[in-house]
Amino acid sequence: MTDNANFSLSGKDFQYPVLSGTVGPDVVDIRKLYGQTGAFTYDPGFTSTASCQSKLTYIDGDEGVLLHRGYAIGDLAEHSSFMEVAYLLLNGELPSADELSGFENTITRHTMLHEQLATFYRGFRRDAHPMAIMCGVVGALSAFYHDSTDIHDARQRMIASHRLIAKMPTIAAMAYKYSVGQPFLYPDNSLSYTGNFLRMTFGVPAEPYEVNPAVEKAMDRIFILHADHEQNASTSTVRLAGSSGANPFACIAAGIACLWGPAHGGANEAALNMLHEIGTPEKIPEYIARAKDKNDPFRLMGFGHRVYKNYDPRATVMQKTVREVFEALNVQDPVFETALRLEEIALNDEYFVEKKLFPNVDFYSGVILSAIGFPTSMFTALFALARTVGWVAQWNEMITDPDQKIGRPRQLYTGPTQREYLPVGSR
Ligand code: SDX
């Protein structure tokens, strides 16, 4: 604790402790404010509110810094693997070689789904959005894995966490297979986490599937870039659902539902659709003008961020990965040129400069995912697959936080005061 914040209201003075973390903004501990002043604070969108203490991820939005347990996202994307980052987020330290292989073996052995869940898919239309399927199937997991729903049992919490991390690729791949009318492929335990996902998605029973190492590496890096991101909307949703004691499968299903929104994880799908709609660089000025027009609801998808007022460090890695995937697959996509040109024009436009709007993680990811072969409808499902690691790590941290209690915000009431009920004949 460093010092106190002084506050006066209706002629009375109050003091609230200021708490400091290891790095980043201090917080004013206002837990006693309502009890002492009878007033609430007002912060729609939580732009100035810290909802918890956390050791998982630190973001410096002004400097464009993103750390997971102290390790920079650029270092992790360059040198680590998604399984190693998952271990790091869950356990707090990078694993030894034995710890990593033990973790990978555990996850590998949880990749299969209860066979009856396959029939669950048959209830959806073939053209159901994969995120609708993910919400439904992940929520349904709590009906199949009762032996890992006791949130007060550390062992059951870890089993549920491993099951969720392990089964998301299987669930996502099955959602894709169902949408294209191809048979589901079972996991192949001889493959890596990411290689297994690529085979379940793009393989067919009629012939062997060779994992392309360059695609596997790029996909694994994309998973790393999406693993966790402090108290974003979907993570806050998981924490709020978990604060009521809901089982972990229900909490992650709630996070998936929140991530689907185009202002959040749905932006990767919206960004590629926008780039296709723009088509050629000649039409960029028209869309920039629309994004700046207060009367036009259109926004540049993949641009801007609540926290980053600098370049999203994940977008930097993503742009580099586009070039690597294009080279590995020997593909060109004019959409990438349009994206690069759009970024260049926007970053030289006073509106975007003044409002500190830069490309975020969603701006380039769709270009890569499309080159690998995913339809745009799968993009947010891939985001959910990767973010499950962060969600379960944040959920575990919340459950074991001594300060944790059920989340229950208040409001500024602006509705009618009490009034007499009038029978319908006299209204
Ligand atoms: C993700 O929180 C996380 O960490 C999320 C995420 C994660 O990993 O979990 O990083 C993933 O969700 C990334 C963001 C993906 N969303 C998009 O790309 C959608 C487009 N971006 C915006 O909708 C917006 O930038 C948000 C939602 C991302 C952030 O919105 P804020 O923080 O609430 O900011 P704001 O809406 O108040 O915007 C500030 C100003 C406004 O203008 P004024 O009212 O001040 O005049 O900037 C403008 C906005 O109109 N603005 C944009 C814009 N984003 C903000 N104008 C045009 N195009 C945009 N993209």
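Note that the structure is predicted; figures quoted are calculated from it, not measured.

Engineer: When you look at unusual backbone geometry in this model, what are you seeing that I'm missing?
Structural biologist: Trans is the prevailing form of peptide bonds, just as negative phi is the prevailing case for residues other than glycine. In this model, arginine 69 sits at a positive phi of 50°, which is unusual for a non-glycine residue. Structurally, the position occupied by arginine 69 is in the loop between strand 5 (65–68) and strand 6 (71–72). By relative accessible area, which is 22% here, arginine 69 ends up partly exposed. In the Ramachandran plot, glutamate 230 falls in the positive-phi region, its phi being about 60° despite a non-glycine side chain. Within the secondary structure, glutamate 230 sits in the loop between helix 9 (213–225) and helix 10 (233–243). A residue is classified by how much of its surface remains accessible, and glutamate 230, at 27% relative accessible area, is partly exposed.

Engineer: What should I look at first to understand the UniProt feature "transmembrane region" (unreviewed entry) in the chain in this one?
Structural biologist: Taking the numbering used here, the UniProt-annotated feature "transmembrane region" (unreviewed entry) corresponds to residues 363–386. What you have in residues 363–386 is 75% helix and 0% strand, and the ends, taken at the C-alpha atoms, are 17 Å apart.

Engineer: How should I be thinking about the packing of helix 17 (residues 361–372) against helix 18 (residues 379–399) in this particular structure?
Structural biologist: Running from amino to carboxyl end, helix 17 crosses helix 18 at an angle of 105°, the nearest separation of the two axes being 10 Å. The pairing of helix 17 with helix 18 is recorded here as roughly perpendicular in orientation. On the side of helix 17, the interface is formed by Asp362, Gly366, Leu369 and Ser370, while helix 18 contributes Phe379, Leu382 and Phe383. Broken down by class, the residue content of the contact of helix 17 with helix 18 amounts to four nonpolar, two polar and one charged.

Engineer: Explain the layout of surface pockets here, please?
Structural biologist: What the second largest pocket holds in volume is close to 190 Å³. Only helix 3 (82–91), helix 4 (97–108), helix 8 (193–202) and helix 9 provide two or more residues apiece to the lining of the second largest pocket. Residue composition of the lining of the second largest pocket, by class: five nonpolar, six polar and three charged.

Engineer: Where do I start with the packing of aromatic side chains in this structure?
Structural biologist: Pairs of aromatic rings are described using the distance from one ring centre to the other and the angle between the two planes. Enumeration over the complete set of coordinates arrives at 22 aromatic pairs. A centroid spacing of 5.4 Å and a plane angle of 55° characterise the contact between phenylalanine 82 and phenylalanine 223, whose relative ring orientation is tilted. Of this pair, phenylalanine 82 sits in helix 3 while phenylalanine 223 sits in helix 9, and the two are 141 residues apart along the sequence. As far as the burial class goes, phenylalanine 82 and phenylalanine 223 line up, both buried. Grouping aromatic residues by their ring pairs yields a cluster made of Phe82, Tyr176, Tyr193, Phe197, Phe202, Phe223 and Phe374. Arginine 126 extends its terminal NZ or CZ atom over the ring of tyrosine 178, reaching a point 4.1 Å from the ring centre. Here the basic side chain of arginine 410 rests over the ring of tyrosine 34, its NZ or CZ set 5.9 Å away from the ring centre.

Engineer: Explain helix 18 here, please?
Structural biologist: Each full turn of the α-helix corresponds to 3.6 residues, which orients residues three or four apart in the same direction. Compared with an ideal rise of 1.5 Å per residue, which puts 21 residues at 30 Å, helix 18 spans 30 Å between its outermost C-alpha atoms and is within 8% of the ideal. Helix geometry: helix 18 is bent most strongly at arginine 387, by close to 40°. Burial analysis of helix 18 places 21 of its 21 residues in the buried class, which makes it a mostly covered element.

Engineer: Sorry, what's going on with the sheet that holds strand 4 (residues 57–60) here?
Structural biologist: As a general point, the strands of a sheet are linked pairwise by backbone hydrogen bonds and lie either parallel or antiparallel. Strand order in the open sheet formed by three strands is 4-5-6, and the pairing between neighbours is antiparallel. Two strands lie at the open edges of the sheet, namely strand 4 and strand 6, each paired on one side alone. Pairing analysis gives two bridges linking strand 5 to strand 6, with the strands arranged antiparallel. The residue bridging leucine 67 from the neighbouring strand is alanine 72, located in strand 6.

What counts, and at which threshold
- Residues numbered from 1 in each chain as written.
- Predicted model: local features only at pLDDT ≥ 70, side-chain atom pairs only at ≥ 80, totals over all residues.
- Heavy atoms only, no water.
- Helix = DSSP H or I, 4+ residues; strand = E, 2+ residues; numbered from the N terminus.
- Buried < 20%, exposed > 50% of the residue type's maximum accessible area, 1.4 Å probe, protein only.
- UniProt positions renumbered as here; feature names shortened; annotations may be inferred.
- Axes fitted to C-alpha atoms, helices over the stretch in contact; angles between N-to-C directions.
- Parallel < 35°, antiparallel > 145°, perpendicular 65-115°, else oblique.
- Contact = heavy atoms within 4.5 Å.
- Nonpolar A, V, L, I, M, F, W, Y, C, P; charged D, E, K, R; others polar.
- 1 Å grid on protein atoms, 1.4 Å probe; cavity = no way out; pocket = protein on both sides within 12 Å on 5 of 7 lines; lining within 4 Å.
- Points joined across faces, edges and corners; volume = space filled by probe spheres on them.
- Phe/Tyr/Trp six-rings, centres within 6.5 Å; stacked < 30°, edge-to-face > 60°.
- Lys NZ or Arg CZ within 6 Å of the ring centre and 35° of its normal.
- Expected span 1.5 Å × (residues − 1).
- Bend = angle between axes of the 7 residues up to and from the residue.
- Pairing = 2+ DSSP bridges.

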